[in-house]
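The primary structure of each chain is shown beneath.
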Amino acid sequence: QWWLGCSGMGVAPNNSNKVVLANMGSVYNTQNAGTTWEQAYVNHADQNLMGFPTPKYKPYRGIGIENTTNWYVTWTDQDNIFISLTDIGSVRSTDGGTYWSFNNFNYNTMYRVVKHPTDGTLYGCTSNIHDMYGSNYLQDSRIDNSGYSDGELMFSSDTGYSWTTLHDFNRPVYWIAIDPNDPNKMYASVVNHAQGLGGIYITSDLQNGASSTWNKLPDPPRTEGHPAVIVPLNDGKVVCTFSARMTEYSDVPAGKFTTSSGVFIYDPGLNSWADVTQMNTMAWYCNDITVDPNDPTQSTWYVGVASGWGGDGFGDGSPNDQGGLFKTINRGQTWAKLAGCFGTFTGGGGAFSCTFDPSDPNTLYISSTVEGLFVSHDINVATPAISPVTNFQFGSPLRILFNPYNQNEMWVTTFGNGIHVGNLISTAEQENDLDNSVLIFPNPAAGECQIKFASGSDFKILTVLDIMGRKIQTSVLRKNQMSLTLNTAELCEGIYFLKLDDTLVKKLVVSR
């Protein structure tokens with residue numbers, strides 16, 4: 001199999017018995033010069049006994065070595081989380097994200113999973129063509145004329161453990177969306193150009209499951225079967241992006257990006273599409289579209305655009321360096337480029353997606369194509385300031401999603417570096433609240449620490465949270481209680497936060 005073999009090996013300089021071996025899927029180590037080997041890609045305490053069958057669907061804790069594409073995060077509830085992935089299909093957690101396991105799913109890639117708003121059924125779009133609309137998955141030979149050119153819609157009624165065919169398109173399915181006005185209406189992006197099967201499909205009887213009927217909408221103008229993100233609007237119209245298509249990929253002569261990408265609005269009353277693309281910048285390589293959740297008219301949209309390259313072999317380099325983040329406040333009648341190459345991004349860069357902070361309508365997080373995560377805290381002004389999130393340490397984030405059960409928790413999917421989770425409540429903000437009235441010592445703590453209340457506590461509950469916002473310990477406080485001894489012996493090393501009733505007050509470091 002392609003991911004086996006050896007792509008790297010290191011021998012400890014002071015002990016030749018210790019060797020680390022890496023391939024394109026895993027990392028292994030030996031402590032005895034190769035007599036026995038162990039995995040080194042999940043928590044050591046979770047590994048299975050040598051010489052015994054590996055149990056199927058067992059949950060494990062990762063250690064940060066996650067080297068495939070992460071497309072989407074879906075919460076069924078606060079404990080059940082589903083991740084859509086390339087190469088390994090998907091993984092799921094039943095404890096809020098600590099342990100992860102595989103599930104009964106056999107496609108290479110799950111691109112997106114959505115939860116039905118009324119009955120909780122999960123719907124997923126799949127394919128054996130992976131990394132769709134990545135730099136080398138834009139051509140017909142890779143997408144349409146391959147033995148892997150299949151895909152279908154699937155559904156799960158058990159929080160993502162088992163999956164059943166809803167509709168087999170026999171072609172890759174990249175995106176799905178449920179109509180906000182009709183939970184039985186779903187749209188799907190099916191990808192295909194060579195055989196003329198690609199486009200936006202619709203069903204109005206989703207409740208019929210595998211018996212549901214799917215019909216292809218008319219093709220938007222200029223498009224060549226590469227639909228991307230679909231957003232059904234509250235007024236019944238639908239806005240979507242079509243992504244890039246490229247003629248056969250080569251360096252000499254260079255492949256050509258076709259002008260088949262852009263932003264399009266479907267009017268169901270007219271059964272037709274309007275092309276609202278800014279042609280000289282967005283017609284080659286659009287990615288995600290985000291409808292501003294703070295605009296009640298749903299007229300404000302943001303579109304991530306990547307840069308093309310190579311021209312057409314005849315000196316036309318039009319797609320080059322056109323990438324950036326584009327905004328409209330009038331449903332595509334006019335566009336403004338908020339961030340672009342040789343401004344926010346370097347040449348050849350661009351944007352993939354963006355997401356608003358649900359607690360702040362002025363804050364927008366932006367995933368670039370190659371330069372990491374960016375943020376603007378004044379996105380609604382004419383010329384917003386956009387700056388890198390410097391403690392996000394990977395160049396190719398994909399999508400930013402907020403935990404619906406903890407909106408201070410931001411999850412970022414990546415193109416090859418697992419899921420990154422950030423807490424939006426900064427240390428400075430946490431320590432400023434009630435800073436003079438609550439003292440912790442020692443801090444860092446080992447076995448225990450003392451918490452002192454300057455003038456007695458009027459709070460009822462003290463809660464210890466881990467860095468992901470999960471409750472670890474709780475203590476009931478008496479009225480006017482002056483101090484509390486907190487047992488930290490059973491806590492893992494790391495950073496925790498203390499919360500009095502609903503107010504975060506202090507950071508606690510546990511160190512051995």
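Given the structure is predicted, the values throughout are model-derived calculations rather than measurements.

*Asks:* Honestly, the overall build of the chain in this entry has me stumped. Any pointers?
*Replies:* Across its full length, the chain holds 3 helices and 37 strands. Relative to a compact globule of 512 residues, whose C-alpha radius of gyration would be 24 Å, the chain shows 25 Å and is just as compact. For the chain, the spread of C-alpha atoms along the principal axes amounts to about 70 × 60 × 50 Å. The buried share among the 512 residues of the chain stands at 49%. Residue pairs in contact within the chain that sit at least 24 positions apart in sequence constitute 47% of those at least 6 positions apart. Accessible surface, the chain as shown: approximately 23000 Å² in total, 51% of it carbon and sulfur.

*Asks:* Explanation requested: the side chain of Thr-109 in the structure shown.
*Replies:* Within the secondary structure, Thr-109 sits in strand E8 (residues 109-115). Under the relative-accessibility criterion, Thr-109 is labelled buried at 0%. Beyond its immediate stretch of four places on either side in the chain, Thr-109 contacts Trp-71, Leu-85, Thr-86, Asp-87, Gly-89, Cys-125, Thr-126, Ser-127, Ile-129 and His-130.

*Asks:* Explain the pairing of strand E26 (residues 373-376) to me, please; I cannot follow it from the model alone.
*Replies:* Note on strand geometry: in a regular strand, side chains alternate between the two faces of the sheet. In E26, alternate side chains face the same way, and those of Leu-373 and Val-375 on one face and Phe-374 and Ser-376 on the other are all buried. Both strand E25 (residues 360-368) and E26 contribute to a ladder of 4 bridges, which runs antiparallel. Of the residues in E26, the one forming a bridge with Tyr-365 is Val-375. Linking two consecutive strands that pair antiparallel, namely E25 and E26, is a turn of 4 residues; a positive phi of about 95 degrees is found at Gly-372 within it.

*Asks:* Help me understand the state of the cysteines in this model?
*Replies:* Working definition: the covalent bond between the sulfur atoms of two cysteines is a disulfide. Tallying each qualifying case throughout the model produces 0 disulfides. Cys-125 takes part in no disulfide bond, and the closest cysteine sulfur, belonging to Cys-240, lies 14 Å away. Classification of Cys-125 as buried rests on a relative accessible area of 0%. Looking at the unpaired Cys-240, the closest cysteine sulfur is the one in Cys-286, lying at 10 Å. The class for Cys-240 is buried, based on a relative accessible area of 0%.

*Asks:* What am I meant to see in the environment of Lys-56 here?
*Replies:* With respect to the helices, strands and loops of the structure, Lys-56 is situated in the loop between strand E4 (38-39) and strand E5 (70-75). Looking at Lys-56, the relative accessible area reads 71%, which means it is exposed. Residues Lys-56 and Ser-101, 45 residues apart in the sequence, show an inter-C-alpha distance of 8.9 Å.

*Asks:* What exactly am I supposed to notice about the sheet that holds E4 here?
*Replies:* The strands making up a sheet associate through hydrogen bonds between their backbones, and the pairing can be parallel or antiparallel. Here 4 strands make up an open sheet; going across it, the order is E1-E2-E3-E4 and the pairing antiparallel. Each edge of the open sheet is held by one strand with a lone partner, namely strand E1 (8-11) and E4. Where strand E3 (residues 27-30) and E4 come together, 2 bridges link them in antiparallel fashion. Considered in E4, the bridge of Asn-29 is made with Glu-38.

*Asks:* Is there a simple way to explain the environment of Asn-234 in this structure?
*Replies:* Mapped onto the fold, Asn-234 is located in the loop between strand E16 (227-232) and strand E17 (238-242). Taking C-alpha positions, Asn-234 is 9.4 Å from Pro-296, a pair spaced 62 residues apart along the chain.

*Asks:* I tried to follow the pattern of salt bridges on my own but got confused; where do I start?
*Replies:* Close approach of charged atoms allows side chains of opposite charge to pair. Counted by the stated rule, this structure contains 7 salt bridges. Arg-245 is the partner of Asp-140 in a salt bridge, and the nearest nitrogen-oxygen pair spans 2.8 Å. A residue pair is termed long-range when its members are at least 10 positions apart, and Asp-140 in helix H1 (residues 140-143) and Arg-245 in the loop between E17 and strand E18 (262-267) qualify at 105 residues. Here the two residues Asp-140 and Arg-245 agree in accessibility, since each one is buried. Beyond isolated ion pairs, a larger network of salt bridges with shared partners links Asp-140, Glu-224 and Arg-245.

*Asks:* I tried to follow the sheet that holds strand E13 (residues 186-190) on my own but got confused; where do I start?
*Replies:* Read across the sheet, 4 strands follow the order E12-E13-E14-E15 without closing on themselves; strand pairing throughout is antiparallel. Each edge of the sheet is formed by a strand with only one pairing partner; in this case those strands are strand E12 (173-178) and strand E15 (215-216). With 5 bridges joining them, E12 and E13 adopt antiparallel strand pairing. The residue of E13 that forms the bridge with Val-173 is Val-190.

*Asks:* I would appreciate a short explanation of the nonpolar core in the present structure.
*Replies:* Generally speaking, a soluble globular protein has its nonpolar side chains buried in company with each other. Leu-153, Tyr-174, Ile-176, Met-186, Val-239, Val-263 and Trp-301 are the most contacted members of the largest nonpolar core, which totals 73 residues. Broken down by element, this core gets its largest block of residues, 6 residues, from E12. When residues no more than four places from it in sequence are discounted, the contact partners of Val-239 are Val-229, Ile-230, Val-231, Leu-233, Val-263, Phe-264, Ile-265, Ile-289, Val-291 and Trp-301. Of all hydrophobic cores here, the second largest spans 18 residues; its members include Ile-440, Ala-445, Leu-486 and Val-505.

*Asks:* Any chance you could explain unusual backbone geometry here in plain terms?
*Replies:* Where the residue is not glycine, phi is negative for most of them; where a peptide bond is considered, it is trans in most cases. Following Phe-441, the chain continues to Pro-442 via a peptide bond in cis, the omega torsion being -10 degrees. Residue placement: Pro-442 occurs in the loop between strand E31 (438-441) and strand E32 (448-457). Geometrically, the link from Asn-443 to Pro-444 is a cis peptide bond, its omega value of 20 degrees lying close to zero. Inspection of the secondary structure puts Pro-444 in the loop between E31 and E32. The phi dihedral of Asp-131 falls on the positive side, at around 55 degrees, and the residue is not glycine. With respect to the element layout, Asp-131 can be found in the loop between strand E9 (122-127) and H1. Positioned with a positive phi, Thr-159 is a non-glycine residue whose angle comes to about 55 degrees.

*Asks:* Help me understand the pairing of strand E10 (residues 152-156) in this model?
*Replies:* Taken across its 5 residues, E10 has 4 buried, putting it largely inside the fold. Across 4 bridges, E9 lies against E10 in antiparallel orientation. Bridge pairing in E10 places Cys-125 opposite Leu-153. Both E10 and strand E11 (residues 164-168) contribute to a ladder of 4 bridges, which runs antiparallel. In the sheet register, Met-154 faces E11, and the bridge partner there is Thr-165.

About the cut-offs
Residues numbered from 1 in each chain as written. Predicted model: local features only at pLDDT ≥ 70, side-chain atom pairs only at ≥ 80, totals over all residues. Heavy atoms only, no water. Helix = DSSP H or I, 4+ residues; strand = E, 2+ residues; numbered from the N terminus. Rg over C-alpha atoms; globule rule 2.2 N^0.38 Å. Buried < 20%, exposed > 50% of the residue type's maximum accessible area, 1.4 Å probe, protein only. Contact = heavy atoms within 4.5 Å. Areas by Shrake-Rupley, 256 points an atom, 1.4 Å probe, with all protein chains shown as cover. Pairing = 2+ DSSP bridges. Disulfide = S-S within 2.5 Å. Salt bridge = Lys/Arg side-chain N within 4 Å of Asp/Glu carboxyl O. Core = buried A, V, L, I, M, F, W, Y, C linked by side-chain atoms within 4.5 Å.

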